[in-house]
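# Chains, contacts and geometry: an overview
For reference, the chains in residue letters:
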Amino acid sequence: MAITKSSGMKSRLGLCAAFVLLSGCASFSQDGGFTQIEQASQAQLDKQVTWVKTPEQRSQVAERVVELLAEPLTVDAAVQVALLNNRDLQASFDALGISEAERVQAGRIPNPGFSFGRLEKGSEVEYERGLHINLARLVAMPLTSGMEAKRFEQMQRQTSLALFELASQTRKAWYRAVAAQESLAYMQQVMQAAEVSAELARRLAAVGNYSTLQRAQEQSFYADAGLNLIRAEQARVQSREQLTRLLGLWGEQIDFRLPERLPELPAKPEQLPDVERLAMTQRLDIQAVRLDAERLASNLGLSKTTRVINVLELGVVNNRSNEEPTQRGYEISVELPLFDWSGAKVAKAEAQYRQMLNRAAATAVNARSQVREAYLGYQASHDLARHYRDEVLPLRARIAEENVLQYNGMFISTFELLADARKQILAVDGYLQAQRDFWIAKADLDMALLGAPSLSASTPAMAATDEPAGH
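Below is a summary of the structure that appears in this document.

Conventions and cut-offs
- Residues numbered from 1 in each chain as written.
- Predicted model: local features only at pLDDT ≥ 70, side-chain atom pairs only at ≥ 80, totals over all residues.
- Heavy atoms only, no water.
- Helix = DSSP H or I, 4+ residues; strand = E, 2+ residues; numbered from the N terminus.
- Buried < 20%, exposed > 50% of the residue type's maximum accessible area, 1.4 Å probe, protein only.
- Contact = heavy atoms within 4.5 Å.
- Areas by Shrake-Rupley, 256 points an atom, 1.4 Å probe, with all protein chains shown as cover.
- Expected span 1.5 Å × (residues − 1).
- Core = buried A, V, L, I, M, F, W, Y, C linked by side-chain atoms within 4.5 Å.
- Salt bridge = Lys/Arg side-chain N within 4 Å of Asp/Glu carboxyl O.
- Axes fitted to C-alpha atoms, helices over the stretch in contact; angles between N-to-C directions.
- Parallel < 35°, antiparallel > 145°, perpendicular 65-115°, else oblique.
- Left-handed = near helix turned anticlockwise from the far one by under 90°.
- Nonpolar A, V, L, I, M, F, W, Y, C, P; charged D, E, K, R; others polar.
- Phe/Tyr/Trp six-rings, centres within 6.5 Å; stacked < 30°, edge-to-face > 60°.
- Lys NZ or Arg CZ within 6 Å of the ring centre and 35° of its normal.
- Polar contact = N/O pair within 3.5 Å; in protein donor to acceptor, adjacent residues only side chain to side chain.

### Focus on the overall build of the chain
Scanning the chain from terminus to terminus reveals 11 helices and 5 strands. The buried share among the 471 residues of the chain stands at 40%. Taking all contacts inside the chain whose residues are at least 6 apart in sequence as the whole, residues at least 24 apart take part in 81%. In the structure as shown, the chain presents an accessible area of about 25,500 Å², 55% of it carried by carbon and sulfur atoms.

### Considering helix H11 (residues 414–450)
Side chains that are three or four residues apart share a direction in an α-helix, a result of its 3.6 residues per turn. Helix length check: H11, at 37 residues, gives a terminal C-alpha distance of 55 Å against a target of 54 Å (1.5 Å per residue), a fit within 8%. Among the 37 residues of H11, 26 are classified as buried, and the element is accordingly described as predominantly covered.

### Overview of the nonpolar core
Counting residues in hydrophobic clusters, the biggest one holds 75 residues, and the most contacted among them are Leu-73, Leu-163, Trp-174 and Leu-247. Here this core gets 18 residues from one element, more than from any other, and that element is helix H6 (residues 135–206). Among all residues touching Trp-174, those that are not within four sequence positions of it are Leu-73, Thr-74, Val-75, Ala-78, Leu-243, Leu-258, Pro-259, Leu-262 and Pro-263. Ala-293, Leu-296, Met-356 and Ala-360 belong to the second-largest nonpolar core, a separate cluster that totals 5 residues.

### So, the pattern of salt bridges
Taken as a whole and judged by the stated rule, the model has 19 salt bridges. In this structure, Arg-171 and Asp-76 form a salt bridge, with 3.4 Å as the shortest nitrogen-oxygen distance. Of this pair, Arg-171 sits in helix H6 while Asp-76 sits in helix H4 (residues 75–85); the two residues are 95 residues apart in sequence, bridging distant segments of the chain. A relative accessible area of 39% means that Asp-76 is categorised as partly exposed.

### Quick look at the packing of helix H3 (residues 55–69) against H4
For the pair H3 and H4, interaxial distance at closest approach is 10 Å and the crossing angle is 160 degrees. Taken together, the axis directions place H3 and H4 in an arrangement best described as roughly antiparallel. Seen from above, H3 lies across H4 with left-handed handedness. Of H4, the residues touching H3 (which contributes Arg-58, Val-61, Arg-64, Val-65 and Leu-68) are Ala-77, Gln-80, Val-81, Leu-84 and Asn-85. Residue classes in the contact of H3 with H4 are distributed as 6 nonpolar, 2 polar and 2 charged.

### A look at the side chain of Gln-435
Relative to the helices and strands, Gln-435 resides in helix H11. Beyond its immediate chain neighbours, meaning those up to four positions away, Gln-435 contacts Leu-262, Pro-263, Glu-264, Leu-265 and Ala-385.

### Here we look at the packing of aromatic side chains
The tally for this structure, following the rule as stated, stands at 7 aromatic pairs. Consider the rings of Phe-438 and Trp-439, whose centres lie 5.0 Å apart with planes at 70 degrees: the pair is edge-to-face. In this structure Phe-438 comes out as buried when scored by relative accessible area, which is 1%. Relative accessible area serves as the criterion here: at 16%, Trp-439 is assigned to the buried category. The ring centre of Trp-51 lies 3.9 Å from the NZ or CZ of Lys-53, which sits over that ring.

### A word on unusual backbone geometry
Leaving glycine aside, a negative phi is the common case for residues, and trans is the common case for peptide bonds. Phi at Asp-46 takes a positive value of approximately 55 degrees, unusual for a residue other than glycine. Within the secondary structure, Asp-46 is located in the loop between helix H2 (34–44) and H3. Here the phi dihedral of Met-410 falls at roughly 60 degrees; this positive angle occurs in a residue that is not glycine. You can see Met-410 is positioned in the loop between helix H10 (343–408) and H11. Note on Met-410: relative accessible area 74%, which makes it exposed.

### Focus: helix H5 (residues 87–106)
With 20 residues, H5 ought to run about 28 Å at 1.5 Å a step, and its terminal C-alpha atoms sit 29 Å apart, in line with that. Within H5, the full set of buried residues consists of Leu-89, Gln-90, Phe-93, Leu-96, Ser-99, Glu-100, Val-104 and Ala-106. You can read the cap of H5 off the contacts: a side-chain oxygen lies 3.0 Å from the backbone nitrogen of Asp-88, and it is on Asn-86.

### Remarks on the environment of Phe-438
Among the structural elements, Phe-438 can be located in helix H11. Remark: the alpha-carbon pair of Phe-438 and Gln-379, spanning 59 residues in sequence, is separated by 8.3 Å. Residues within four places of Phe-438 in sequence aside, it is in contact with Leu-265, Pro-266, Tyr-378, Ser-381 and His-382.

Okay, structure coming up:
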């Protein structure tokens with residue numbers, strides 16, 4: 001669809017003024033839509049985010065990262081480093097910029113075109129000039145602009161969701177890394193006890209005071225302790241490297257320090273009686289799918305509007321000759337829908353809209369289930385860790401005290417005392433893993449309230465750390 005226009009100073013000036021006016025209707029925002037991302041990060045995470053576009057901003061981010069890594073990295077500091085330094089997140093911010101450019105482009109009329117012709121017929125010379133513009137985009141511009149605006153809003157929510165997902169993954173990776181580091185320390189203690197026991201068994205067997213079976217049993221404990229120590233070291237390396245990737249660190253930065261222990265277990269789990277309703281009101285994936293449905297509904301309206309007139313050209317003609325009077329007039333050309341009435345295009349748009357409605361309904365159903373699962377898992381993990389803390393560990397401590405008394409009275413052997421020490425250490429390590437799982441469940445619950453969660457069990461790289469080392 002195009003317009004053709006020619007000479008006439010007033011007409012040209014009026015047309016140019018119209019171009020300027022219409023082109024000014026769509027422009028880039030000052031922040032590129034990033035203010036909403038910053039506000040979401042501040043409101044939900046209390047963290048700073050920066051869209052790095054210049055070397056100066058990159059330098060500022062690098063300085064801030066160095067400052068955060070100078071001290072043992074807390075979980076909040078780890079999240080802040082990831083939000084500033086993760087390049088995948090920066091790529092998401094760039095996708096937001098691409099989406100805004102498409103929104104602006106959809107709100108601007110196409111550039112006009114100019115044509116010039118010179119024809120000779122004997123001594124006659126004819127000049128033909130034309131100025132044309134794409135009318136189809138001009139007619140459809142209100143609809144296409146609205147569609148791209150909705151797409152841009154959807155991209156803002158998707159970017160916020162990516163930000164929250166990175167924060168959640170970083171928290172879980174931090175908990176795993178600290179727990180694996182602490183677990184390694186416990187496994188080293190078990191190994192030391194096993195070494196002492198195995199050496200004592202060897203000496204007693206050498207003087208005939210210990211049977212071959214008894215010595216083999218102590219050696220078996222020692223061999224198992226060595227295997228568990230290797231697994232604990234492997235889990236520490238894996239969990240630390242996953243955290244390093246999320247933080248976007250390399251070179252000397254990978255030598256960052258972590259605290260020695262996980263945060264203490266809270267006295268009571270957080271109570272959320274209306275957890276489903278809360279998720280429905282603030283989950284970004286639900287808001288995004290609603291916007292997508294609105295965009296497709298607009299697209300369906302556009303398809304029905306343009307199904308008959310596919311090409312429309314309107315123009316004013318001005319032909320001038322050196323021998324004939326100037327020719328003036330206009331011409332209109334329309335594509336006749338004899339073979340293609342755009343029925344397939346409309347049917348496709350309708351099917352896409354129904355598809356999106358079904359996906360929106362499925363998203364809502366899944367969101368309710370996900371948030372229930374996350375909340376129940378959060379409560380159960382707290383109950384498990386609390387049972388370790390309040391029941392298992394005090395009982396193991398009491399048994400250890402009694403065994404020391406039995407050993408001092410020479411009622412039990414050194415080997416029995418060492419075996420009980422190993423069991424006590426493993427019980428402490430079991431509480432550590434339960435404590436880790438609670439904090440991971442808390443991160444999953446927070447993510448489930450904001451968007452589709454990636455449950456910790458779905459992370460293959462961390463499968464080795466899901467069970468207590470040494471078990």
